[in-house]
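Close look at the chain arrangement
One-letter residues, chain by chain:
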Amino acid sequence: MAKFDKADIERRMAGAVESLKGDLGGLRTGRANVTLLDPVVCDVYGAHMPLNQVATVSAPEPRMLTVQVWDKANMAAVEKGIAYANLGLNPMIDGQTLRLPMPDLTEDRRKELAKLAGKYAENAKIAIRNVRRDGMEALKEDEKKKEIGEDDRKRSEDEVQKITDKFVAECDTAAEAKEKEIMTQ
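Structural notes, computed from the coordinates. (Residues numbered from 1 in each chain as written. Predicted model: local features only at pLDDT ≥ 70, side-chain atom pairs only at ≥ 80, totals over all residues. Heavy atoms only, no water.)

Re the overall build of the protein chain
Along the protein chain, the regular secondary structure elements total 4 helices and 6 strands. Listing each helix as α and each strand as β along the protein chain from the N terminus yields α-β-β-β-β-α-β-β-α-α. Relative to its length of 185 residues, the protein chain is extended, with a C-alpha radius of gyration of 22 Å against a globular reference of 16 Å. For the protein chain, the spread of C-alpha atoms along the principal axes amounts to about 70 × 40 × 20 Å. Looking at the protein chain residue by residue over its 185 residues, the buried ones come to 37%. For the protein chain, the share of sequence-separated contacts (at least 6 apart) that also reach a separation of at least 24 residues comes to 66%. If you sum the accessible surface of the protein chain, you get close to 10800 Å²; carbon and sulfur atoms cover 50% of it. (Helix = DSSP H or I, 4+ residues; strand = E, 2+ residues; numbered from the N terminus. Rg over C-alpha atoms; globule rule 2.2 N^0.38 Å. Buried < 20%, exposed > 50% of the residue type's maximum accessible area, 1.4 Å probe, protein only. Contact = heavy atoms within 4.5 Å. Areas by Shrake-Rupley, 256 points an atom, 1.4 Å probe, with all protein chains shown as cover.)

Points about the sheet that holds strand β3 (residues 55-61)
Sheets are built from strands paired through backbone hydrogen bonds, the pairs being either parallel or antiparallel. Taking strand neighbours across the sheet as the criterion, the 4 strands line up as β3-β4-β6-β5 in an open arrangement whose pairing is antiparallel. Only two strands of the sheet have a single partner each, and these edge strands are β3 and β5 (92-94). For this sheet, the mean inter-axis angle between neighbouring strands, taken without regard to orientation, is 30°. Relative to strand β6 (residues 97-101), β5 is paired through 3 bridges, and the arrangement is antiparallel. Looking at the pairing, Ile 93 lines up with Leu 98 of β6. The sheet contacts of helix α2 (residues 75-84) involve β4 (64-69), β5 and β6, and relative to β6 the element is tilted by about 20°. (Pairing = 2+ DSSP bridges. Axes fitted to C-alpha atoms, helices over the stretch in contact; angles between N-to-C directions.)

Considerations on helix α1 (residues 6-25)
In this model α1 runs 29 Å from its N-terminal to its C-terminal C-alpha over 20 residues, within 8% of the 28 Å that 1.5 Å per residue would give. Along α1, the positions that sit buried rather than exposed are Ile 9, Met 13, Ala 16, Val 17, Leu 20, Leu 24 and Gly 25. Looking at the buried residues of α1, the elements they touch are α3 (107-144) and α4 (150-184). Capping of α1 at its N-terminal end is provided by Asp 5; its side-chain oxygen lies 3.3 Å from the backbone amide nitrogen of Ala 7. (Expected span 1.5 Å × (residues − 1). Polar contact = N/O pair within 3.5 Å; in protein donor to acceptor, adjacent residues only side chain to side chain.)

Some words on the side chain of Ser 156
Here Ser 156 is to be found in helix α4. Exposure remark for Ser 156: the relative accessible area of 15% places this residue in the buried category. With residues near it in sequence (within four places) discarded, Ser 156 still touches Phe 4 and Leu 139.

Let's talk about the pattern of salt bridges
Applying the stated criterion across every chain yields a total of 15 salt bridges. Look at the salt bridges and you will find they share partners, linking Asp 8, Arg 11, Arg 12, Arg 133, Asp 134 and Glu 137 into a network. (Salt bridge = Lys/Arg side-chain N within 4 Å of Asp/Glu carboxyl O.)

Some thoughts on unusual backbone geometry
Glycine aside, residues mostly have negative phi, and peptide bonds are mostly found in the trans state. One non-glycine residue, Tyr 45, lies in the positive phi region at around 55°. In this fold, Tyr 45 is placed in the loop between β1 (41-44) and β2 (47-50). Taking relative accessible area as the criterion, Tyr 45 reaches 58% and is therefore assigned exposed.

Section: the packing of α1 against α4
Relative to each other, α1 and α4 sit at 10°, their axes nearing to 10 Å. Between α1 and α4, the interaxial angle falls into the category roughly parallel. Together, Lys 6, Ile 9, Glu 10, Met 13, Ala 14, Val 17, Leu 20, Lys 21, Leu 24 and Gly 25 of α1 and Glu 159, Val 160, Ile 163, Thr 164, Phe 167, Glu 170, Cys 171, Ala 174, Ala 175 and Lys 178 of α4 make up the contact between the two elements. Across the contact of α1 with α4, the residue classes tally to 12 nonpolar, 2 polar and 6 charged. (Parallel < 35°, antiparallel > 145°, perpendicular 65-115°, else oblique. Nonpolar A, V, L, I, M, F, W, Y, C, P; charged D, E, K, R; others polar.)

So this is what it looks like as C-alpha cells:
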C-alpha cells in the first residue's frame, strides 16, 4: 500500500491556510470585527468558557462592538474576561449589554500588528513546508518498497512542489491584504 496520498497533502496544506486566515481575522484593524473577541475566555459557572458561549457578539457600527450577555449575573465575569484578554478595549456597561468602542490605532501599534501578520504567515508557510517534506518522504519510501518507479516519484515530487507553491502564494496574498488593511485603516 503506497504511503503517498496527494489528497491528504492538499487537505493538510489547505488547513494551514485556513488556520492563517483565522489568525489574521483575530488581528485588530481599525474596524470592529466580531472575531476580535474569539480569544476571550470568561470565568462563569465555575469554569473557563469562551465568550461566544455566554454572550452574543455583534458589530452594530463600524467602530463599535456590542456584547449581549445572556445571564445578567455574568456581566462582571465577561467584563473581566475582556479586560484580561489584553485587546486594548475598554468595556462600558449599558444594562445587560457591554459596549466596546474601537479606539484609533497608533502608527507604532499598526506596525506591530503588520509584523504579527507577517509572523502568522511565516508560521503557516512553515507548516506547509512540513507537509511537503512529509509527502516527499512518503514518495521516497514508496520508491524503496518498489511500489512506484523513479519516474513516478519525480513526477509526483513536481506535483507536490506545485501544490506547495500554490498554498504558499495564498499565504502571502492573505498576509499582504491584512497588512494593507492594518496600515490603511
